[in-house]
Amino acid sequence: MDEGEPKLSKKELNKLKRKQEKEAKKVQNDGAKTGEAEASASDETDSSKGKYGDFVSPRKEIDASPKYTEVSELNASLDGREVLVRGRVHNSRAKGKTCFVVLRAATSSVQVMLSVGEDVSKQMLKFVSKISLESIINIRGTVVKVDSEIASCTQKDVELKPTEVFIVSASEPRLPLQIEDASGLKHQRRPRHRELGHETRQQGHRSSHVHERGDFLHPGRCCSTLQLALWKRGFRQIHTPKIISAASEGGANVFEMDYFGRRLIWPNRPS
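Residues numbered from 1 in each chain as written. Predicted model: local features only at pLDDT ≥ 70, side-chain atom pairs only at ≥ 80, totals over all residues. Heavy atoms only, no water.

1. Concerning the overall build of the chain
A tally of regular secondary structure across the chain gives five helices and 10 strands. Every one of the 271 residues in the chain was classed for burial, and the buried ones make up 27%. For the chain, restricting intrachain contacts to residue pairs at least 6 apart in sequence, the fraction spanning at least 24 positions comes to 60%. As presented, the chain carries roughly 19,600 Å² of accessible surface, and 52% of it is formed by carbon and sulfur atoms. (Helix = DSSP H or I, 4+ residues; strand = E, 2+ residues; numbered from the N terminus. Buried < 20%, exposed > 50% of the residue type's maximum accessible area, 1.4 Å probe, protein only. Contact = heavy atoms within 4.5 Å. Areas by Shrake-Rupley, 256 points an atom, 1.4 Å probe, with all protein chains shown as cover.)

2. Brief notes about the pairing of strand β3 (residues 98–105)
Looking along a regular strand, one sees side chains alternate from face to face of the sheet. Counting buried positions over the eight residues of β3 gives six, a clear majority of the element. Of the pairings in the sheet, the one linking strand β2 (residues 82–95) to β3 comprises seven bridges and is antiparallel in character. Bridge pairing in β3 links Lys95 to Thr98. Between β2 and β3, which pair antiparallel and follow one another directly, the connecting turn spans two residues, one of which, Gly96, has a positive phi of 65°. With eight bridges connecting them, β3 and strand β4 (residues 108–115) associate as antiparallel partners. (Pairing = 2+ DSSP bridges.)

3. A word on the nonpolar core
Proteins that are soluble and globular tend to have nonpolar side chains buried together. Residues Leu74, Leu103, Leu114, Ile137, Ile139 and Leu160 are the most contacted members of the largest nonpolar core, which totals 26 residues. For this core, the elements supplying multiple residues, two or more each, are β2, β3, β4, α2 (122–129), β5 (136–145) and β6 (158–169). Non-local contacts of Leu160, meaning those with residues more than four positions away in its chain, are made with Leu74, Val83, Val85, Val110, Gln111, Val112, Met113, Ile139, Gly141, Thr142 and Val143. (Core = buried A, V, L, I, M, F, W, Y, C linked by side-chain atoms within 4.5 Å.)

4. Side note on unusual backbone geometry
One non-glycine residue with positive phi stands out, namely Ala106, at about 60°. One can find Ala106 in the loop between β3 and β4. Unlike most non-glycine residues, Glu134 shows phi in positive territory, near 75°. Along the chain, Glu134 falls in the loop between α2 and β5. In this structure Glu134 comes out as buried when scored by relative accessible area, which is 9%.

5. Concerning the side chain of Glu159
By the element assignment, Glu159 lies in strand β6. Among buried Asp, Glu, Lys and Arg side chains, Glu159 stands out as unpaired, with Lys161 the closest opposite charge at 4.6 Å. Reaching out from Glu159, the side chain makes a polar contact with the side chain of Gln111 at a distance of 2.8 Å. (Lys, Arg positive; Asp, Glu negative; His and termini not counted. Salt bridge = Lys/Arg side-chain N within 4 Å of Asp/Glu carboxyl O. Polar contact = N/O pair within 3.5 Å; in protein donor to acceptor, adjacent residues only side chain to side chain.)

See the structure below:
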């Protein structure tokens, strides 16, 4: 120490020493935090980037229309084959590093299983688990034969392990009326002698919605069969105008007519 400089007391020297140690420790901690942040960023690298998100329709002049496989066609004979399917998210359940999705198309359904690994990142699994029910999605993945039957789906002997998941049309996060709820209410009010006996819940999946569709499909099939039989016998089907006794719509949408002295209305609507 130079003779011209004031001599520090022992107390001041200790204070200066503590300050220097504090600054050195702060620099060391900042360096450690930076290293941890870089390591964390490295760990969180999204290996599935570009393999999930919102669907973008391919340009016709560049890509040919993709070939889809129907959910109803998925079976053990396709084991190990890569397919592209489209359907609605009927149900989903995520736990830890695994997520199960029930994909529905018309009256068929198949289980989709995602597990964090080489083909599925944490970010992709989180994205899929948050897709709202009844959203339409595209899934590209491998068909895998299962050892035990999947009772909650119509395709019981296989499941899909996806590598790509894209949302084609997202539904509202909470629909005013879920299909699950509608199916339950209808069956509760159905007379006992008309019950179909399919009110079973397995893994949170109600199978009754498939049979609800039968209420619409079967009458349509019966009508088609009857029409075909009559056509073969020379009958022809025509749609005649319908007349009613009072206007059921706005005045601008109806036509008045005289029918043998009676005032009748001819609605302006499809018969």
